[in-house]
Structure formats: C-alpha cells, structure tokens
Amino acid sequence: MIKISKALALSLSLVVTASLSGCYARTGDTAAASPQSEQGELPLSEAGLKQVPLAIQTSDAIHDFVVEVAVTGAEQAQGLMFRTRLAPDKGMIFPFPEDRVASFWMKNTVIPLDIIFIRRDGTIESIAANTTPYSLDPVRSNEPVATVLEIAAGRAAELGLAPGDTVTWQ
C-alpha cells in the first residue's frame, strides 16, 4: 500500500511539474514577444524584408515613411522590380557597407521611382526624379554615397525634397 501511495504521489508530482512547465513556456513566449512590440518593431514586408521608419527633414517639415531594407546582394539586386504599386508613404532603402558611387537601373521595374542618393552623414546628395520604368540606362549618384532610397515617382517634388535635406532611419 505504501508503494502504491508513493507511486501515486510521484505520478501526481510529475503531472503538476509538467503542467507548470507548459505554463512557463507560454509565459516565456509572451515575454519574448513583448520586447519586440515594446520596441515598436514593424512586421516584415510582403516581400519578407525588414521594415523601418524613415524621416526626411526639409527646411520646413518632416516627412515620415516606412521603408523596406534591402541589405543582402540578392535583396538589393531585386529591389522594387516587378512591383505594380508603391504607396506614397512607403519605399526601400539600400544601405552600403562602404561609400560608393551608386548606379541603379530600372530593368524589370514596372513603376517609375524617385531615387534619392544619401551621404554617410544622412544628407541628400542628389535626386533622380521620375525614373523611366524598364530602362537599362544607369541612374548614378554624383559622388560616393552610403545609402540609396527609392520612393514613388513625383513624391520628392511633391514634398519639396532637395539636396542637403537630412534622412534618418532606425
């Protein structure tokens, strides 16, 4: 009888321990997710790229965007090709590990874009406005830049963006 009681007690103890572990795992999962939501991280884009907030400071206003970040060579080669629309407050940034004269083309890019070349200090070096869809002509910066930003064609003029304005992102 004592052996049965000990076996029953041990079984009950194991069931309780297993139940607590399950609760702990769910609590741990929730805790792990909380810092992301507290930090305000955005969900991945439809293309599976990280999205970050971006702001452009002009002489008289701050213009906010949410942009996809193309980091890898494959992501940068794909860019916004084959997309059929781009919301006015969206875009894509292409950060480079080292400054370089950037050269882009519009091969397989369905929509016209404004391509903004940005120096390492965040200032706009130049803007190639209303680029031509499907064009193989290179669109280049005038000097080495650290990042390129692509937004919907016409937005740069609409917002009054100009060389010297400052771009910041997370």
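Placed above this text is the structure.
Report follows, based on the coordinates. The shown structure was predicted, so the numbers you read here are calculated from the model rather than taken from an experiment.

**With respect to the nonpolar core**
Okay, step 1: Ranked by size, the top nonpolar core spans 19 residues in total, and within it Phe104, Ile115, Phe117 and Val148 carry the most contacts.
Okay, step 2: Mapped by element, the contributors of at least two residues to this core are strand 3 (90-100), strand 5 (113-118) and strand 8 (145-152).
Okay, step 3: Not counting the four nearest positions on each side in its chain, Phe104 is found in contact with Phe94, Phe96, Ile115, Phe117, Asp137, Pro138, Val139, Val148 and Glu150.
Okay, step 4: Ile93, Leu149, Ala156 and Val167 belong to the second-largest nonpolar core, a separate cluster that totals 16 residues.

**Notes on the pairing of strand 5**
Successive side chains on a regular strand alternate, one facing one side of the sheet and the next facing the other.
Okay, step 1: Of all six residues that make up strand 5, six are buried, and the element is covered over most of its length.
Okay, step 2: With burial as the criterion, each face of strand 5 is covered, one bearing Leu113, Ile115 and Phe117 and the other bearing Asp114, Ile116 and Ile118.
Okay, step 3: Sheet analysis places strand 5 next to strand 8, joined by six bridges and oriented antiparallel. Counted as the bridge partner of Leu113 is Ala152 from strand 8.
Okay, step 4: Strand direction decides the pairing type here: strand 5 and strand 6 (residues 124-128), joined by four bridges, are antiparallel. Paired with Ile116 across the strands is Ile127, a residue of strand 6.
Okay, step 5: The turn joining strand 5 and strand 6, which pair antiparallel and follow one another in sequence, is formed by five residues; a positive phi near 95° is taken by Gly122.

**Brief notes about the packing of aromatic side chains**
Two descriptors summarise a pair of aromatic rings, namely the distance from one centre to the other and the angle between the planes of the rings.
Okay, step 1: For the structure shown, the criterion picks out one aromatic pair.
Okay, step 2: Between Phe94 and Phe104, the ring centres sit 5.1 Å apart and the planes meet at 85°, which makes this aromatic pair edge-to-face. Taken together, the residues Phe94 in strand 3 and Phe104 in strand 4 (residues 103-104) connect sequence positions 10 residues apart. Neither Phe94 nor Phe104 differs from the other in exposure class; each is buried.
Okay, step 3: Sitting above the plane of the Phe96 ring, Arg100 keeps its charged end 3.8 Å from the centroid.

**Remarks on the side chain of Thr147**
Okay, step 1: Of note, Thr147 is situated in strand 8.
Okay, step 2: Beyond its immediate chain neighbours, meaning those up to four positions away, Thr147 contacts Ile93, Phe94, Pro95, Phe96, Ile116, Phe117, Ile118 and Trp169.

Basis of the calculations
- Residues numbered from 1 in each chain as written.
- Predicted model: local features only at pLDDT ≥ 70, side-chain atom pairs only at ≥ 80, totals over all residues.
- Heavy atoms only, no water.
- Core = buried A, V, L, I, M, F, W, Y, C linked by side-chain atoms within 4.5 Å.
- Buried < 20%, exposed > 50% of the residue type's maximum accessible area, 1.4 Å probe, protein only.
- Helix = DSSP H or I, 4+ residues; strand = E, 2+ residues; numbered from the N terminus.
- Contact = heavy atoms within 4.5 Å.
- Pairing = 2+ DSSP bridges.
- Phe/Tyr/Trp six-rings, centres within 6.5 Å; stacked < 30°, edge-to-face > 60°.
- Lys NZ or Arg CZ within 6 Å of the ring centre and 35° of its normal.

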